[in-house]
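Descriptive structure summary
For reference, the chains in residue letters:
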Amino acid sequence: MLWGSNAREAHPIFFHHLMKGLDNGAKMFSVDPRRTSSSKFADVWLGLNVGTDIALANAVARHIIINDWHNKDFIAHSTEGFDEFAAAVEPYTLERAEEITGVPAIAIAELAEAYAKAETAQILWTLGITEHHNAVDNVFSLCNLALLTGHVGRWGSGLVPLRGQNNVQGGGDMGALPDKLPGFQAVTDPESRAKFEAIWGVPVPPKPGLHLTLMFEAMATRELKAVYCIGENPADSEADILHARKMLGQLDLLVVQDIFMTRTAEMADVVFPASVAWAESEGTVTSSERRVQRVRAAVPPPGEARDDIEIIGALAAAYGSVWNTQTPEELWDELRSLSPLHKGMSWDRLEAEGGIQWPCPSDDHPGSPFLHGWLWEDDLGGRGPAPFTVVEHEGPKEQLSEEFPLRLTTGRALDSYNTGVQSGSLNSPIRYGYTIDVSPADAARIGIDGGETVKVSSPRGSVEMEARIVADLAEGLTFTTFHFPELVDSNILTSDAWDKKSGTAEFKAASIRIEKLKETVSG
Amino acid sequence: MSANGHETPVSLTIDGQRVTVASGSSVLDACTEAGVATPTLCYSENLTPVNACRVCVVEMEGSRTLVPSCSRQAEPDMVIETDSERVRHSRKTVLELLGSGVDLSQADELGQWVTHYEADVERFGAGRATMEEPIRIQDELYIRDYDRCVLCYKCVEACGDDAQHTFAIAVAGRGFDARIRTEFDTALPDSACVYCGNCVAVCPTNALQFKTEFDLREVDNWRPEEQSVTRTVCSYCGVGCNLELHVQDETIVKVTSPADHSVTDGHLCIKGRFGWTYVHGA
């Protein structure tokens, strides 16, 4: 089940593996409001309305339960809260789900039966699930399905969030989360802090920090006055971008460390030019499947650009603190001494074996191709059972209105990446640029043609974009990428709603209106 | 999929030498295990053998015809000869036939075998009777020079169900008119091509060539012997594709991926293959 993911374009080489599975007889269901290039390879495409994932997942769960296809042994042994969950999904009949999601009841039933009866099954998702105001609840709704059927914690079955960036997993692993130290150890836990304090020789603040969205709120109240931004371009990438730029603009101090002079860097008081992590310096990155791999320097950095480690070390020295760990290998060994997940991954092993998947707790441990195997152990590996989580359908925060009657969702194109700072110089013959995809029915109603420049407005602002008429886009739905902020600020349109549990903004569901530009008489 | 470690290994004889390989291995794998080098053209470890070129043939006891080692599965107690008069003659003739109609000047590996078997590529007439097709330069990512094409099908396989599943190219025409073509021979940017470059990566003769390499060759500045190759990880999505950065004069000139890497099997997408230009501030 590919749910809210256009992996064919966003994760192309992962999709090669998926295609091998299909060639070997696997079935594929694609859940996506758009019939994407990934959906076209699916046995069944479920084109749901944007933001109705929970209604769909709950209906799948109910259909599995009433047909007695759920894995009762697994539920009894490894989970808790099933009865409450079963009662909570009871109102999500196929008929009601069809009404909410727009997906025919028969397709929901087919998905439920195939998933429940499969020997092995995986749910793979990306930002179609997480860029919503109820992102965490969306994820829970999928976890519930895996717990219901036992499709988790064993070879070939599982829950797979596909990571969108080459080291977004590694960033979290290394403690770039407001409440975690490296190795997912809580900053609130005195024992964990003591371990790090012993090595670092300084007290570790016990209070969790702020995630990105809360940082912007703290900038608004002036609680946050200085920002040190490394390798991120929030002045282009944030939802509701005009607000984000205003917040960055009113900081007392903005320091940016980047390889590009991004829009954020242009706003900065100080810019530290950095080397390219994967081609000009040594280190590790961690992929979506928790595989730690080495990156290596192939070319020297240009001009005054320096390695991130060197810049941060020099800054520490300027503050009067001399750090003993200097090389990537020394830093890695320090991490291994503090993070049990990484303990067995020596630099030499990473060199020799190419890549190792955490957890890897000892030198002779081969690494872990999948997680949560404890769910199948007699004593649950000494843990408590996995809980079902009751979640209810809410729909997008920003409802459609007479003024803004169209749904806008966003995503990536194959040949481009995020705000385009990396992919912009790739001379791609297949780039179609800053277009807004419109269904033929909506285009006819508004009176616009493909290739025509139109005015696109949301409650937050307006931009001009070129319309691209896409035959298999559902009526009422529009789509754009966010790769060309220098040409069109598509994040002017995106919603300011965000998930209180994860801090993720609802990029996937804004309300917009499209208007024909006033006709100009050409001379 | 070949070797399955759970099944009984297979023992066979290569040039009088007993070797043991995993069940499901090919005769070619067994030759490699025995330390015997074998010329291949249409074979690649990350593609399904198509048996198009016949340059890897060996003599097998009990078989009337020579067998292609790349696709013939190793069986217990097979007796294989790789350097008999019949094998040498066959391989030599295949190379002479290929060389008579195709420009093999940039097929480095094949060139070594031409020398090894003393193949005379002018045996069937002086000068190469190539198709005399113009080089197709339709974008900045790769070029197509079909005078170098031996119709080994590797590009078609990589574009199709061996990896990419894009099916932008196929063999069109028959006999002398057979060519690798996009649908209706449309220009590449207008075809189904998604510019992953996986066809270029498997091409054994440089008929498909990265534009960076082509441009450097045009000014006589392509110096592979001076290039360093550094293995690293792609900077885009979270799949973790390994890249080999080929660097000449402190500049990236080509990106490949190791065919034996479990994540990529040697294949990349447009971003990983071509999206490095920003490193040099392009």
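About the criteria used
- Residues numbered from 1 in each chain as written.
- Chains lettered and ligands numbered in written order.
- Predicted model: local features only at pLDDT ≥ 70, side-chain atom pairs only at ≥ 80, totals over all residues.
- Helix = DSSP H or I, 4+ residues; strand = E, 2+ residues; numbered from the N terminus.
- Rg over C-alpha atoms; globule rule 2.2 N^0.38 Å.
- Buried ≥ 20, exposed ≤ 12 C-beta atoms within 10 Å, placed from the backbone.
- Contact = placed C-beta atoms within 7 Å.
- Core = buried A, V, L, I, M, F, W, Y, C linked by C-beta atoms within 7 Å.
- Pairing = 2+ DSSP bridges.
- Axes fitted to C-alpha atoms, helices over the stretch in contact; angles between N-to-C directions.
- Domains from an automatic or database assignment.
- Nonpolar A, V, L, I, M, F, W, Y, C, P; charged D, E, K, R; others polar.

Thoughts on the overall build of chain B
The secondary structure content of chain B amounts to seven helices and 13 strands. Taking 19 Å as the expected radius of gyration for a compact globule of 282 residues, we find that chain B reaches 20 Å, a close match to that expectation. With respect to the principal axes defined by its C-alpha atoms, chain B has extents near 60 × 50 × 40 Å. Every one of the 282 residues in chain B was classed for burial, and the buried ones make up 45%. Taking the contacts inside chain B whose residues are at least 6 apart along the sequence as the reference set, 55% of them involve residues at least 24 apart.

Some details on the overall build of chain A
Helix and strand counts for chain A stand at 19 helices and 21 strands. Its C-alpha radius of gyration of 24 Å places chain A within 12% of the 24 Å reference for a compact globule of 523 residues. With respect to the three principal axes, the spread of C-alpha positions in chain A is 75 × 65 × 45 Å. Residue burial in chain A is summarised as follows: out of 523 residues, 45% are buried. Within chain A, counting contacts between residues at least 6 apart in sequence, those at least 24 apart form 68% of the total.

A look at the nonpolar core
Core analysis: the biggest nonpolar cluster contains 146 residues, and Leu56, Val60, Ile108 and Leu142 of chain A together with Cys155 of chain B have the highest contact counts within it. The greatest single-element share of this core, amounting to eight residues, is contributed by helix 3 (residues 53-66) of chain A. Other than its neighbours up to four places away in sequence, Val60 of chain A contacts Ile108, Leu111, Ala112, Tyr115 and Leu145 of chain A. Judged by nonpolar contacts, the second largest core, of 35 residues, contains Val463, Ala467, Leu493 and Ala509 of chain A.

Examining the sheet that holds strand 13 (residues 291-295) of chain A
Residues and elements named next belong to chain A. Ordered in space as 12-13-14, the three strands form an open sheet in which the pairing is antiparallel. At either end of the open sheet lies a strand with only one pairing partner, and these are strand 12 (283-286) and strand 14 (355-357). Along the sheet, successive strands turn relative to each other by an average axial angle of 30°, direction set aside. When strand 12 meets strand 13, the two strands line up antiparallel, connected through four bridges. If you follow Val285 over to strand 13, its bridge partner there is Gln293.

A short note on the domain arrangement of chain A
By domain assignment, chain A separates into domain 1 (2-162), domain 2 (168-355) and domain 3 (406-516). Spacing between the C-alpha centres of domain 1 of chain A and domain 2 of chain A amounts to 34 Å.

A closer look at the domain arrangement of chain B
Residues and elements named next belong to chain B. Partitioning chain B into domains gives domain 1 (1-125), domain 2 (131-211) and domain 3 (222-282). For domain 2 and domain 3, the distance between their C-alpha centroids amounts to 21 Å. Here the residues of the side of domain 2 that touches domain 3 sort into seven nonpolar, three polar and no charged.

A short note on the interface of chain A and chain B
Across the contact, 41 residues belong to chain A and 43 residues belong to chain B. Sorting the residues of the side of chain A that touches chain B by element identifies helix 2 (12-23), helix 10 (168-173) and strand 13 of chain A as the ones contributing at least two each. Among the elements that make up the side of chain A that touches chain B, the one with the highest residue count is helix 2 of chain A (six residues). When its residues are assigned to classes, the side of chain A that touches chain B shows 21 nonpolar, 14 polar and six charged.

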